[in-house]
Amino acid sequence: ARTLVQALDQSKKCIPDLLIVDQQLGPHSGPEIVNKLRERGQLGLSPVVLLQGDKDVKVLLAAKAEKIKHILSKPVDFDGELRGLLEQLLSLR
């Protein structure tokens, strides 16, 4: 999804197994999007991975408030760090 509205619409179809969200998606922060999905019951217990470009303290505090445990810095090592994390998180389900 490229916007909060698209994320909310897509999550109506099914609860995702895992959510990867950027620290900023349009005018909304990643933690804000996670909050909206949880408020609407559209996230369930799915793990969340936050991708961050800048180490913004406000975003990190908001991520902690939303219980986002997995934060990766960009540029992301897709074949290493991200792949390993995804395999670990999806095997727990």
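Participant: Help me understand the sheet that holds strand E5 (residues 70–73) in this model?
Facilitator: The pairing of strands in a sheet comes from backbone hydrogen bonds and takes either a parallel or an antiparallel form. Pairing within the open sheet is parallel, and its 3 strands lie in the order E1-E4-E5. A strand with exactly one partner marks an edge of an open sheet, and here the two such strands are strand E1 (19–22) and E5. Between one strand and the next, the sheet's axes are offset by a mean angle of 25°, whatever the strand orientation. Strand direction decides the pairing type here: E1 and strand E4 (residues 48–52), joined by 4 bridges, are parallel. In the sheet register, Leu-19 faces E4, and the bridge partner there is Val-48.

Participant: Help me understand the confidence of the model for the chain in this model?
Facilitator: Reading predicted coordinates in detail is not appropriate for stretches of low pLDDT. The predicted model of the chain has a mean per-residue pLDDT of 89, with 98% of residues at 70 or higher. No element of the chain has a lower mean pLDDT than strand E2 (residues 24–25), at 84, and none a higher one than E4, at 95.

Participant: When you look at helix H4 (residues 78–91) in this model, what are you seeing that I'm missing?
Facilitator: An α-helix turns once per 3.6 residues; consequently, residues spaced three or four apart project the same way. Taken together, the buried positions of H4 are Leu-82, Leu-85, Leu-86 and Leu-89. The inward-facing, buried residues of H4 contact E1, E4 and E5.

Participant: Help me understand the nonpolar core, please; the structure alone is not making it clear to me.
Facilitator: Here is a general trend for soluble globular proteins: nonpolar side chains tend to be buried in one another's company. Ile-33, Val-34 and Val-48 are the most contacted members of the largest nonpolar core, which has 15 residues in total. Those elements that place two or more of their residues in this core are helix H1 (4–13), E1, helix H2 (30–39), E4 and helix H3 (57–65). Dropping the residues within four chain positions of it, Val-48 is found in contact with Leu-19, Val-21, Val-34, Arg-38, Leu-43, Ile-68 and His-70. With 9 residues, the next largest nonpolar core counts Leu-51, Leu-72, Leu-85 and Leu-89 among its residues.

The rules behind these values
Chains are numbered independently. Their residues run from 1 in the order of the written sequence. With the structure being a predicted model, the display of local features is reserved for residues of pLDDT at least 70 and the display and counting of side-chain atom pairs for 80 or more, all residues being used for whole-chain, interface and lining totals. Hydrogens and waters are ignored; side-chain quantities use all the structure's heavy atoms. If DSSP finds at least two bridges between two strands, the strands pair. To qualify as a helix, a DSSP run of H or I must reach at least 4 residues; to qualify as a strand, a run of E must reach at least 2; elements of each kind are numbered from the N terminus. Working convention: axes come from line fits to C-alpha atoms, limited for helices to the stretch in contact. Angles between N-to-C directions cover 0 to 180 degrees. Per-residue confidence from the predictor is given as pLDDT, running between 0 and 100. Accessibility here uses a 1.4 Å probe with only protein chains present; expressed as a share of the type maximum, an area under 20% marks a residue as buried, one over 50% as exposed, and anything in between as partly exposed. What makes two residues a contact is simply this: any of their non-hydrogen atoms within 4.5 Å. Put simply, a nonpolar core is a bunch of buried Ala, Val, Leu, Ile, Met, Phe, Trp, Tyr and Cys residues held in one set by side-chain atoms that sit within 4.5 Å of each other.

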